[in-house]
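Close look at the chain arrangement
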Amino acid sequence: MYINNKNIFGSPCTPVLENPEFQTRWYFKYFLGKLHQNYVGSDVDKFPFFLSVVLTDANHQCVPQYRAILWRKTDLLLLEEQEGSVNFKFGVLYTKPSQLTDDEMLSNENGSEEFNQFVSLLGNRVRLKGWDKYRGGLDVKGDMTGEYSAYTIYEGHEIMFHVSTMLPYSKDNRQQVERKRHIGNDIVNIVYVDGGATQMSQFNPAFIKSQFTHVFALVAYDSSDNSYKLVVYSEESVPLFGPSLPCPPVFKVPQEFREFLIVKMINGEKATFNTPTFAKKRERTLDMLIKDLYSDYMSDSSKVAMLNRRAFSDVLPDPPRSSRRKEEARQVEFVRIGQALKLDTIVKGDAPTSLATTGLFKRAPWEPQCFYPDFGHDIVCGDSWADTRLVISTENSGVFVIEDSVSQRQIFDKTIQANQLNIVEAHGILLFRTEKGRDSKIYVFRLSEFDADMQTEVKSKPDLKDHKLERTRGCSMYAISKPGGSRLKMVICVNRKLTLMQWKHSAAWTAWCPASDTDTVEGFMYLREFQIAEQPSIITLIESAVGSNSDTCSICVGYKHQFDIITDGSGTARRLFAVQEGTKAHLVSATDLYEDEEPELLLCYNNTCHFQKLSETNNTTEFDFHWNSIPKDIVCSFPYIIAFTTDTMEIRLIINGNLVQTMAMPKLKLICSKNDIYFATTAPEFFHGKMERLQMDQQKAERESMSPPASPHLSPETKPLRLYRIPLNALTGVVGPYDRKCVNEGDDSNENKTVENLKLSETKSRTSASRSCTASPTTGLNATNLLLHKT
């Protein structure tokens, strides 16, 4: 049964490839052709495994590191090639109105002018005879599969299209076997419907008899406004894949449609490899390969004597200990063979995308922008203030206001360290928590006190006296409601007691009478208290569902091995989710999401993300996905979810957990994500153009000329922090809140038709993340990529 993805919600985001090869084919990229070692062994359960180790400067910080891959039941170059396609072949089927069988569709000898225009949009017309690039199974010697085809490269992927009207046509063969042999064996087929979008409703995937095709992209052209319409069908076992379709699914810019369609098809084929049919076949193949390798290198008694052999990487006999030249010759030969294998793989067209280029420069939606190039203090926390300022608390240096690429100025001296800090622009206040233990308190200041033209001197501890919020002494943490709500709420944790407070003015009232909202600590009103079982490590305020009583809220509390939920009305706590018994739990975060106007939490612990509806208490792991490393912070910006560790930023899709990017960033620290995402790292600058870099380098040189010379023994750890911003509108593809809900087109009574795999829920006054997910996430390469610092 196929799922019709026609009824879709929201606006499209920038199309991105899911689980890209440069994020998974690590052995090819980092090991092959370099001097490294591959070890073989078996675990306590007698399952064979392989370990590949190479010495590398992985993070470009001049720090030698060991990069390692652990292969468990999932050969190195051969094993990686089982993880799915690098290059792709897609079928393109031309169909006329009223054609109801694949025999009829394949019997169209030629296509219409609009169809030929569409094929030329997909790729270049290439002569097959003598073709020396990726051929997608087509004959390139004797024109046995036609004289011409359509070919393109996208993001390093070579794509050959099997166009039905370009494949051999036979008047005497009603089934057109030669055409069906190629198109029927393609995982993804594009079906071009002649006659416009009104003819699309007549199509049914059952018309095409194929046990191999899992995804159909139905395309129609409207000559009245020169637009393309797209409907996607996928077999029900195919996991969710992006990008989301626009609403309505109409594209008026041909090149944008081409990019969207190609990315959708590539992601669709990758998702299909995670269906039970393909996954079991791949698992059996990998299991057989790794067992054969293990048998080859462990059965021979001469090879079992591992005391005399370091690894099965040796491609020449072990040299005598006294013969250094023979050892060097062995290493040279090992590298030569690896480079020959790499070259052969590239020539065959099976190289990962990292080695292929399209000649086009395309900015990724998560590309950071340099906000401030040189910040010399360790950051504790911070928040954004309007679009051009950050307020940052440091370790032992006080609190600073930083202007976008302009300047930094201190507003609190080093006697004050804020361990939590929030800017509430709707009411013009600064909240922060200082100290630890019994001396910890929360303070409230007006933002106007820190405007550049108002502040006269740096504040110190005596200035805090009149700004202390009552009932907060000894607080270990606090949480506030999200921006955009009708009321600002704050929950404060003191030992095993939670205190709920609320700002006495609504956001609407303050917007109407801003001059009258001048309170600080007196602006907060006490509401109620809750007793909990033990002191928590996480608290999150959960907003009410859209349309419900805005005065009610819930509190998610995380401690030890579980997350509890406390309802404001009753004050009682119930268990929401418990980490599997026997697992050492490190709770990371509980993030408030929305789906279908119902609150939902993203609970993160260890390297796991779990989606939990508030109305459910079962511990289902249907939506769980896993990070490569345990994160310190999580940011959700639909359709992406970003994990921040101490040295990497990992970006995945929120609907299925698919990996789209990993970036190495030393000393990475998330600052805030209220509006745009701000973070600090010692990584090199990210600049859009050469001129910007020259200007920044000149400014840096001028600063360095005024500074004393650096110590020759200065380590990389002392590099200054650079502050970066990732604009949220670049990630989401829209500006402002998602404030509309798409109405389904037409009458859709087919029981096989369900909601498109990406959906945005309706919201009223804030930007929220929504996830429509009914399938387990797809997974990438079953290997662990480790970076081990050399000691």
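Before going into details, it helps to say that this report is about the structure given with it. (Residues numbered from 1 in each chain as written. Predicted model: local features only at pLDDT ≥ 70, side-chain atom pairs only at ≥ 80, totals over all residues. Heavy atoms only, no water.)

Notes on the overall build of the chain
Going by this rule: Elements are defined by DSSP. Helices are runs of H or I of four residues or more, strands are runs of E of two residues or more, and each kind is numbered from the N terminus. Residue burial is assigned from relative accessible area. The probe radius is 1.4 Å, only protein chains are included, and a residue is buried under 20% of its type maximum, exposed over 50%, and partly exposed in between. Values of accessible area rely on a 1.4 Å probe in the Shrake-Rupley scheme; residue burial ignores everything except the protein chains shown.
Looking only at helices and strands, one finds twelve helices and 41 strands in the chain. Evaluated residue by residue, the chain yields a buried proportion of 52% over its 791 residues. When the accessible surface of the chain is split by element, carbon and sulfur atoms take 50% of a total near 36,800 Å².

Quick word on the environment of Pro666
Structurally, Pro666 can be placed in the loop between β36 (659–664) and β37 (669–672). Its relative accessible area of 13% is what places Pro666 among the buried residues. Taking the C-alpha atoms as reference points, Pro666 and Thr648, separated by 18 residues in sequence, lie 7.2 Å from one another.

A look at the pairing of strand β35 (residues 648–653)
How we decide: In this scheme, strands are said to pair when DSSP sees at least two bridges between them.
Counting buried residues in β35 gives six out of six residues, a clear majority hidden from the surface. Neither face of β35 is exposed, since Thr648, Glu650 and Arg652 on one face and Met649, Ile651 and Leu653 on the opposite face are all buried. Pairing geometry for strand β34 (residues 640–644) and β35, over five bridges, is antiparallel. Bridge pairing in β35 places Phe644 opposite Met649. Counting the residues between successive antiparallel strands, the hairpin from β34 to β35 contains three residues. Both β35 and β36 contribute to a ladder of five bridges, which runs antiparallel. Residue Thr648 lies in a different strand from β36, and its bridge partner there is Ala664. Between β35 and β36, which pair antiparallel and follow one another directly, the connecting turn spans five residues, one of which, Gly657, has a positive phi of 75°.

Quick look at the packing of aromatic side chains
Inclusion rule: Aromatic rings from Phe, Tyr and Trp, with only the six-membered ring used for Trp, were paired whenever their centres fell within 6.5 Å, and each pair was classed as stacked if the ring planes differed by under 30 degrees, edge-to-face if by over 60, and tilted otherwise.
Overall, the coordinates contain 31 aromatic pairs when judged by the stated rule. On the basis of an interplanar angle of 45° and a centroid distance of 4.9 Å, the ring pair of Tyr94 and Phe115 is categorised as tilted. Residue Tyr94 is found in strand β5 (residues 88–95), and its partner Phe115 is found in helix α4 (residues 113–122); the two are separated by 21 residues along the sequence. Residue class for Tyr94 comes out buried when judged on its relative accessible area of 2%. Seen in terms of ring centroids, Phe251 and Phe257 are 5.2 Å apart; in terms of plane orientation they differ by 45°. Their pairing is tilted. Since its relative accessible area comes to 8%, Phe251 is described here as buried. Each residue in the set Tyr94, Phe115, Phe118, Tyr192, Tyr221, Tyr228, Phe251, Phe257 and Phe260 is aromatic and connected to the rest through ring pairs, giving one cluster.

Observations regarding the nonpolar core
Selection rule: What we call a nonpolar core is a set of buried Ala, Val, Leu, Ile, Met, Phe, Trp, Tyr and Cys residues that are connected through their side-chain atoms within 4.5 Å. By the convention used here, residues are in contact when the closest approach between their heavy atoms is within 4.5 Å.
Formed by 40 residues in total, the largest nonpolar core has its most connected members in Phe118, Phe161, Ile190, Val219, Leu230, Phe257 and Leu261. Going through the elements one at a time, β5, α4, β7 (148–154), β8 (157–163), β9 (188–193), β10 (215–222), β11 (227–235) and α6 (254–272) are the ones with two or more residues in this core. For this core, the element with the highest residue contribution is α6, accounting for eight residues. Apart from residues no more than four positions distant in its own chain, Phe161 is found in contact with Phe90, Val92, Leu122, Gly123, Ser149, Ala150, Tyr151, Thr152, Ile190 and Met265.

Digging into the sheet that holds strand β16 (residues 399–403)
Counted only if it meets this: Convention adopted: a line fitted to C-alpha atoms gives each axis, helices being fitted over their contacting stretch, and angles between N-to-C directions are expressed from 0 to 180 degrees.
Read across the open sheet, the four strands follow the order β14-β15-β16-β17; overall the sheet is antiparallel. Of all strands in the sheet, those with a lone pairing partner are β14 (379–385) and β17 (408–412), marking the two edges. For this sheet the average axis-to-axis angle between neighbouring strands, irrespective of direction, equals 25°. One ladder, built from five bridges, connects strand β15 (residues 389–394) with β16; its direction is antiparallel. If you follow Ser393 over to β16, its bridge partner there is Val399.

Some points on the pattern of salt bridges
Opposite charge on two side chains lets them pair, provided their charged atoms get close. How we decide: Salt bridges are identified by distance alone: a Lys or Arg side-chain nitrogen within 4 Å of an Asp or Glu carboxyl oxygen.
Evaluation of the coordinates by the stated rule reveals 16 salt bridges. In this structure, the salt-bridge partner of Lys674 is Asp383, at a minimum N-O distance of 3.5 Å. Residue Lys674 is found in the loop between β37 and β38 (677–681), and its partner Asp383 is found in strand β14; the two are separated by 291 residues along the sequence. Classification of Asp383 by relative accessible area gives buried; the value is 3%. Judged by relative accessible area, Lys674 falls into the partly exposed class, the value being 24%. Put simply, Asp102, Asp103 and Lys180 are held in one network by salt bridges that share partners.

As for the packing of α4 against α6
Just so we agree on the cut-off: Roughly parallel means an angle under 35 degrees; roughly antiparallel means over 145; roughly perpendicular covers 65 to 115; every other angle is labelled oblique. For a crossing to be left-handed, the near helix must be turned anticlockwise from the far one by less than a right angle; the clockwise case is right-handed.
Running from amino to carboxyl end, α4 crosses α6 at an angle of 70°, the nearest separation of the two axes being 10 Å. The angle between the axes of α4 and α6 places the two elements in the roughly perpendicular class. Relative to α6, the crossing made by α4 is right-handed. Residues Phe118, Leu121 and Leu122 of α4 pack against Pro254, Gln255, Phe257, Arg258, Leu261 and Ile262 of α6.

Section: the side chain of Asp186
Relative to the helices and strands, Asp186 resides in the loop between α5 (177–183) and β9. Excluding anything up to four places from it in sequence, Asp186 contacts Lys89, Phe90, Gly91, His162, Phe212 and Thr213.

Structural notes on the state of the cysteines
We apply this condition: Any two cysteine sulfur atoms within 2.5 Å of one another count as a disulfide.
Under the definition given, this model contains zero disulfides. Not engaged in a disulfide, the cysteine Cys636 finds its nearest cysteine sulfur in Cys604; these two sulfurs lie 7.0 Å apart.

Quick notes on α6
Our working rule: Helix span is expected to be 1.5 Å times the residue number reduced by one.
When the terminal C-alpha atoms of α6 are compared, their 27 Å separation across 19 residues agrees well with the 27 Å that a helix rising 1.5 Å per residue should span. Most of α6 sits out of view: 15 of its 19 residues are buried.

Section: unusual backbone geometry
Backbone torsion omega between Gly242 and Pro243 reads 0°, so that peptide bond is classified as cis. Between Phe638 and the following residue, Pro639, the backbone shows a cis peptide bond with an omega angle of 5°. Positive phi values are uncommon outside glycine, yet Lys560 reaches one of about 50°. Checked against the element boundaries, Lys560 lands in the loop between β26 (554–559) and β27 (562–567).

Quick look at the sheet that holds β27
An order of β25-β26-β27-β28 is seen for the four strands of this open sheet, with the pairing classed as antiparallel. With partners counted over all chains shown, the strands left at the sheet margins are β25 (538–542) and β28 (573–578), one partner each. Direction aside, neighbouring strands of the sheet carry axes that sit 25° apart on average. Examined bridge by bridge, β26 and β27 share six bridges and lie antiparallel to one another. Along β27, the bridge assignment pairs Cys556 with Ile565.

So, α4
Cut-off, in case you're wondering: Picture the helix axis, draw a direction to every C-beta atom, and the arc is the one those directions span.
Looking at α4, one finds that the buried residues are Phe115, Phe118, Val119, Leu121 and Leu122. Along the long axis of α4, the arc covered by the buried residues comes to 155°, so they all point the same way.

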